[in-house]
Structures are given as C-alpha cells and as structure tokens.
Amino acid sequence: QVRSKEEFKTAAFKTEKAQFRQSKQYLRPLRRALREGECAPALVSSLASIATLCNKRDYKAAKEAYMRLAIGNSPWPMGVTFVTFHDRANRHKIGEGANAHVLDDETTRKYVQMVK
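Residues numbered from 1 in each chain as written. Predicted model: local features only at pLDDT ≥ 70, side-chain atom pairs only at ≥ 80, totals over all residues. Heavy atoms only, no water.

## What about the overall build of the protein chain?
Operational definition: The numbering of helices and of strands both runs from the N terminus, where a helix is a DSSP run of H or I of at least 4 residues and a strand a run of E of at least 2. Exposure is judged per residue with a 1.4 Å probe applied to protein chains only, and the accessible area is read against the type maximum: over 50% gives exposed, under 20% gives buried, and values in between give partly exposed. Whether two residues are in contact is decided by their heavy atoms, any of which lying within 4.5 Å being enough.
When helices and strands are counted, the protein chain shows four helices and zero strands. The N-to-C order of helical and strand elements in the protein chain reads α-α-α-α. By residue count, 22% of the 116 residues in the protein chain fall in the buried class. Sequence-distant contacts in the protein chain: of pairs separated by 6 or more residues, those separated by 24 or more amount to 46%.

What follows is the structure in structure tokens.
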C-alpha cells in the first residue's frame, strides 16, 4: 500500500507506527524462544490454534482460545476445590487445563497480550 506524504504526518499514522514498533519489540522474546526451542509445547500449541482460527476468520473461537491461554479454564480460583458441603460432579477436573501461570512472567505476559 502506497501512502501519500500527508498521511505520514497524521496522528493516526503515528499511533499505528508506535503500536507496530511496540508489538515488534514485545514479540521479539517469543520469536527467540521459538527459534531456540525453549518455548513450552502447550504454549506453542495454544498460539498455533489461535493463529489457525484467525486464519479461518473464526474470531469468536480464537478469542476463547486466547482466554484459555491467558487465564486458563479453571472454574474456581487456584487451590480452591472444596467450597461447599456438596460434592460437585466432575470435581476431579477442576484445575485441569488451567494455565493461569502463563501470565506470571512479565515477558510472557507481554507477548501473549500482543497475540491478542
């Protein structure tokens, strides 16, 4: 896309350029980790599923996959499984597939948010 000289001076262009630079900077550690094979396989598969769903233009499912990656799929706060006297059906699955620890690391948090 060819831009005119006037477009380069607009606030919208400058904002877009700054966002692009920040995204590029935040994704650099992810690219390095992928290149060196240091990325967790679960993280790689989650990112791949998000990219595949976006490529298919299924943005709702991609958003759900992102939420599973970012906050996990746990119905309870971490560590809380017995909160009532009644036993829940499928209680053994609580915490299964929950990877909220992904956002504990600042660098990981940045590139996961850039994927969004």
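## Some details on the nonpolar core
Operational definition: For the purposes of this section, nonpolar cores are sets of buried Ala, Val, Leu, Ile, Met, Phe, Trp, Tyr and Cys residues that join through side-chain atoms within 4.5 Å.
In terms of nonpolar packing, the biggest core is built from 15 residues, with C39, L43, L69, Y111 and V112 touching the most fellow members. Elements represented by at least two residues in this core include exactly α1 (11–36), α2 (41–55), α3 (59–71) and α4 (106–115).

## What about the layout of surface pockets?
In this approach the atoms are scanned with a rolling probe the size of a water molecule, which exposes any empty space left behind. Basically, it comes down to this: Using a grid of 1 Å spacing that covers the protein atoms alone, one calls a set of points a cavity when a 1.4 Å probe fits there but cannot get out, and a pocket when the set is open and has protein on both sides within 12 Å along at least five of seven lines; lining residues are those with an atom within 4 Å of a point. Grid points are joined across faces, edges and corners, and a volume is the space filled by probe spheres set on the points. As a working rule, the residues Ala, Val, Leu, Ile, Met, Phe, Trp, Tyr, Cys and Pro are called nonpolar, Asp, Glu, Lys and Arg charged, and the rest polar, with Gly in that last group.
Estimated volume of the largest pocket: approximately 160 Å³. For the largest pocket, the full set of lining residues is I50, C54, Y59, A62, K63, Y66, V115 and K116. Those elements that provide at least two residues to the lining of the largest pocket are α2 and α3. Among the elements that make up the lining of the largest pocket, the one with the highest residue count is α3 (four residues). Among the residues making up the lining of the largest pocket, the classes are represented as six nonpolar, no polar and two charged.

## A few points about the environment of Q19
Looking at the element boundaries, Q19 is found in helix α1. Linking Q19 and M114, residues 95 residues apart in sequence, is a C-alpha distance of 10.0 Å.

## A closer look at the packing of α1 against α4
Operational definition: A fitted line through C-alpha atoms serves as each axis, taken over the contacting stretch for helices, and the angle formed by two N-to-C directions is quoted from 0 to 180°. Reported orientations rely on four angle classes, namely roughly parallel under 35 degrees, roughly antiparallel over 145, roughly perpendicular from 65 to 115, and oblique for the rest. Left-handed describes a crossing whose near helix is turned anticlockwise from the far helix by less than a right angle; the clockwise case is right-handed.
Running from amino to carboxyl end, α1 crosses α4 at an angle of 120 degrees, the nearest separation of the two axes being 8 Å. If you check the angle between α1 and α4, you find them oblique. Note that α1 runs across α4; the crossing there is left-handed. For the pair formed by α1 and α4, the contact residues are S23, Y26, L27, P29 and L30 on the first element and T107, K110, Y111 and M114 on the second. In terms of residue class, the contact of α1 with α4 is built from six nonpolar, two polar and one charged.

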